[in-house]
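Observations on the three-dimensional arrangement
The lines below spell out each chain.
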Amino acid sequence: MDTESIYMITGPIGIVSSAILLLFLSALLAPLLKNSQRFLINASFMSASAASFLGIAGGIWAVGGGYTNTLVLPLGLPDLPFHLRIDPLAGFFITVICLLSFCVSLYSIGYIKGYLGRRPVTRLVIFYNLFLAGMLMVVLADDALFFLISWEVMAAASYFLVMFEDERIENRRAAFLYMIVAHIGAIAILLSFGVMAGLATGFESFNGYTFDAMREAQLPLSWATAAFLLAFFGFAAKAGVIPLHVWLPEAHPVAPSNVSALMSGVMLKTAIYGIVRVTFDLIGTYPWWWGAIVLIFGLISAVMGVLYALMQNDLKRLLAYSSVENVGIILIGIGASMIFTSFQMPLLAALALIAGLYHAMNHAMFKGLLFMGAGSVLHATNERNMEQMGGLIHRMRWTAALFLIGCVSISALPPFNGFVSEWLMFQAFLLSPALPSPLLKLLVPLGAALLALTGALAAACFVKAFGVTFLGHWRGHHMPRVHEADWPMRTGMILAALTCLVLGVLPTFFIDWMDIIPEQLVGTKISASSGVYGWLWLAPVARERASYSGTIVFLGILLVVVAVYIVLHVKPGTIHRAPIWDCGFGKLNQRMQYNATAFSMPIRRIFGFLFNIREKVKLTPKGLSPAFPKRLNYYLRIRDRSWGWLYKPVVEFSFWVSRRVGRLQQGRIQAYLIYSFITIIVLLVFSR
Amino acid sequence: MDLNIAAQLNSFLAAFVLLTAFGMLVQRRMFGLVHLFMWQGLFLSINTAIVGFVAGKHHLYISSVLTLSLKVILLPYILHVLIRRLKVHKEVEVVENIPMTMLMGIALVIFSYYLMSPVSQLSTLVTRSTLAVALATVMIGLLMMITRKHAVSQIIGFLAMENGLFFAATSATYGMPLVVELGVALDILIAAFIFGIFFFHISTAFDSLDVDQMARLKEED
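Along each chain, residue indices are assigned from 1 in the same order as the chain's sequence is written. Chain letters start at A and ligand numbers start at 1, both assigned in the order the entries are written. Given that the model is predicted, a residue must reach a pLDDT of at least 70 before its local features are reported, and side-chain atom pairs must reach 80 or more before they are shown or counted; all residues, however, enter totals for whole chains, interfaces and linings.

Moving on, we come to the overall build of chain A. Here a strand is any run of E in DSSP of at least two residues, a helix any run of H or I of at least four, and the numbering for each starts at the N terminus. Looking only at helices and strands, chain A has 25 helices and 4 strands in total. Rg of the C-alpha trace for chain A: 27 Å, near the compact-globule value of 26 Å for 688 residues, within the 12% margin. Structurally, chain A occupies a C-alpha span of about 100 × 80 × 65 Å along its principal axes. Counting other C-beta atoms within 10 Å of each residue's C-beta, where C-beta atoms are placed from the backbone, gives the exposure class: buried for 20 or more, exposed for 12 or fewer, partly exposed between. In chain A, which comprises 688 residues, the proportion classed as buried is 49%. Our contact criterion uses C-beta atoms placed from the backbone: two residues qualify when those atoms are within 7 Å. In chain A, 78% of the contacts between residues at least 6 apart in sequence involve partners at least 24 apart. Each radius of gyration reported is based on C-alpha atoms, and the globular scaling rule is 2.2 Å times the count of residues to the power 0.38.

Set out below in structure tokens:
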């Protein structure tokens, strides 16, 4: 064996491929172990986390060393082998996927045991492994054929995972909706690749299907735009960009929580990867308004996503909508980067791209953590509705603390990671000089303002999520026997929380590590950590303009916390517990607490026009003065407007067309024969 | 044999084939239909033998014998048995508007001649004038399937169409290669068996052989 082929096996691509093989192997072996479910869970999730660990190693190596290596597998169709390639961009996404899947796989060891005795989990284990393998394959793929096959493996596996508890009608509906949207998206992606491949080598040859051929092709603007729009549509459907997000708040809540963590945390990121790959890498040069499209959809998704999230009372649904928001934020970064690239401002483009990608990594970690936390709550209480919860902080101390870390991170508060990426995003916006387009002069400040609004609303949203779930007292009728998450679950969450902290405290290391990605895609580095004590200060453009030190902020916060703890806890008697003052009114009960609907009411009043709200107050008995009701019922229903505006017309139109076409189908043989008879006659007349 | 006489004989038999096709279009009794089908097969078989003799294509004798045994003896026998077993031999099928159907058949014959006129001008074969008749037979078979509601008349319409195709093959190119003809013959045989089984199912499911009953299978909206 020559050195190159040895390197192929031992280099990053070899490591990641062996991770994929390991995942396939455990999916294959799972049916053999179905008789001992407990062992199956332990073994297969252990091997999944081992595979993830391999993936992390391969990904970090690929990015850190700036390697690009390829592998051609003699699989697939004759003469169309599969091409695999790892480069820093792919390596980065592999790292993100594997970091989260490592935590989630450990968590699953505990979480999935909750199903023991209720239903067999073999199916879940198989599709979990296939799902992870599919995601890694998507990122590794270097030709359209393998990409689409992997994309479908990922989509199909996640469909079966959403369907796992298939006796409930809402699960079946959600899975079906997910499948439809995923397929429409996949068709758009297929068409986009078709356009690019066809123009790369002509429609007679199949050789254009490799990404290399697409990279080299110089597409005319009109066709490039078609390819981009199709790809953006397809990937946006997967990423849950508004208005293609409807499947997301349906599918994520009903899937098992470890799967929701992966779907929300990293599956959406494969779509982000696709957008970056197609625009920056495959197409390469583009006009500025492509970036504006991405930016505008990102802004809409960010603001609307967080507003919808605020309105939800289902904990996992809230998190799902919050994923829509975060995907929006990532797209804002990528869109801004595209705009800057097309105006030849590589430094800003690099900064915006780094911000977007860093946020993708951060979102994977904290959203994964939050979904795992929500899963622990669900596991302990069998409850998803926040209106029924409360006071869980006393019974679930670990989960509460870890969930709080997730909330702080996602609300973009220092010292955690969400702050760093959003801060970078603001830097990109604020440092941008006047762009040579009036629309952009409007769009950029507006974008910064909306991003700020999003951040504030996200903070409100997670104050609600944490406050209503964990604080106060139990709001339901009787509190179930709540138990704390077991050690494997805790380990998974602790690792995710630690990653959030490290990503927030030491951002310069990670940004230096991933700096090679913008260097390859937009042509320059941002060199965030220059100067003395460079690693301490994150200064994306210039030290005197703006800088941030996560470490110092963290140490400061730690100092304050320690000081407060010492002041309060060293002398006994400083804190004492007493009953709540009830204003002399009478006994307060748990139904009088501030609840989730009430918390979001002010925001519902302000932004109500964006939703389809039906609100009704019913007093019983009727006829009495409204000042003295015996009973008061309050109904509230909030719907997504996009259903009525976008989906319903399409659905109704397709039903209308099918009914029209259905009339042809008489059910009488004679009628069908007449159709063929007339066809033959007409053909004969015209072909004579 | 003189070529001229052969051409005349060929045209003569073609006329009979067409006549039986028209006969089947309006025949309302089941046994009558089967007998007409038998006659059509017989004319076809004789015609094939004559063409084979004139053109010196000896494999046409085999197809002639095949036609004779299959379409004149075996298939009519199967249909006979079927009709008796299903107890439909006394039924008289309602055929709507016979004059109109006949007129449509005539229109189809004219249409076929119109279609085939360029081909007949180019061809040098003895049988060139009968190509239009062959096409007309195919179309009349299809017309028969459209106008009839009884399952047995539908299958006979289908077989008549096949006769027309076979006739067209003989007229246009002195027959298809033997392998193809053997294959087609086998197909016809199997189709007849499948139709037989199918009839039994229709008649047990709907208590009738009227294919209009099958409209009940349609999904309601």
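Residues and elements named next belong to chain A. The axes used here are C-alpha line fits, helices contributing only the stretch in contact, and every angle between their N-to-C directions lies in the interval 0 to 180 degrees. With their axes 10 Å apart at the nearest point, helix α6 (residues 144-162) and helix α7 (residues 169-201) run at an angle of 175 degrees to one another. Classed by the angle they form, the pair α6 and α7 counts as roughly antiparallel. The segment α6 lies against α7, with A144, L148, W151, E152, A155, Y159 and V162 engaging N171, A174, A175, Y178, M179, A182, A186, I189, L190, F193 and A197. For this classification, the nonpolar set comprises Ala, Val, Leu, Ile, Met, Phe, Trp, Tyr, Cys and Pro, the charged set comprises Asp, Glu, Lys and Arg, and every other residue, Gly included, is treated as polar. Residue classes in the contact of α6 with α7 are distributed as 16 nonpolar, 1 polar and 1 charged. Roughly parallel means an angle under 35 degrees; roughly antiparallel means over 145; roughly perpendicular covers 65 to 115; every other angle is labelled oblique.

What follows is about the interface of chain A and chain B. The accessible area lost on association of the parts is a frequent measure of interface size. Taken together, the 13 residues of chain A in the interface contact 11 residues of chain B. Listing elements by their share of the side of chain A that touches chain B, those giving two or more residues are α24 (641-662) and α25 (669-687) of chain A. Considering each element in turn, the side of chain A that touches chain B owes the most residues, 6 residues, to α25(A). Each residue belonging to the side of chain A that touches chain B can be placed in one class, and the counts come to 5 nonpolar, 5 polar and 3 charged.

Here we come to the nonpolar core. Put simply, a nonpolar core is buried Ala, Val, Leu, Ile, Met, Phe, Trp, Tyr and Cys residues tied into one set by C-beta atoms within 7 Å. Core analysis: the biggest nonpolar cluster contains 224 residues, and L136(A), I354(A) and L369(A) have the highest contact counts within it. Sequence-distant contacts of I354(A), that is, excluding residues within four places in its chain, are made with L424(A), I511(A), M514(A), P518(A) and I526(A). Counting residues in hydrophobic clusters, the runner-up holds 47 residues, among them V17(B), L131(B), I155(B) and F167(B).

So, on to the pairing of strand β3 (residues 612-620) of chain A. Residues in a regular strand point their side chains to alternate faces of the sheet. Residue and element names in this part refer to chain A. Among the 9 residues that make up β3, 0 are buried, leaving the element largely open to the surroundings. In terms of strand pairing, β3 meets strand β4 (residues 631-639) through 9 bridges, oriented antiparallel. Paired with K618 across the strands is N633, a residue of β4. Here the rule is simple: two strands pair whenever DSSP picks up at least two bridges between them.

Residue ranges labeled as domains rest on an automatic or database domain assignment. What the domain assignment lists for chain A is domain 1 (287-569), domain 2 (593-642) and domain 3 (647-687). Placing a centre on the C-alpha atoms of domain 2 of chain A and another on those of domain 3 of chain A gives a separation of 50 Å.

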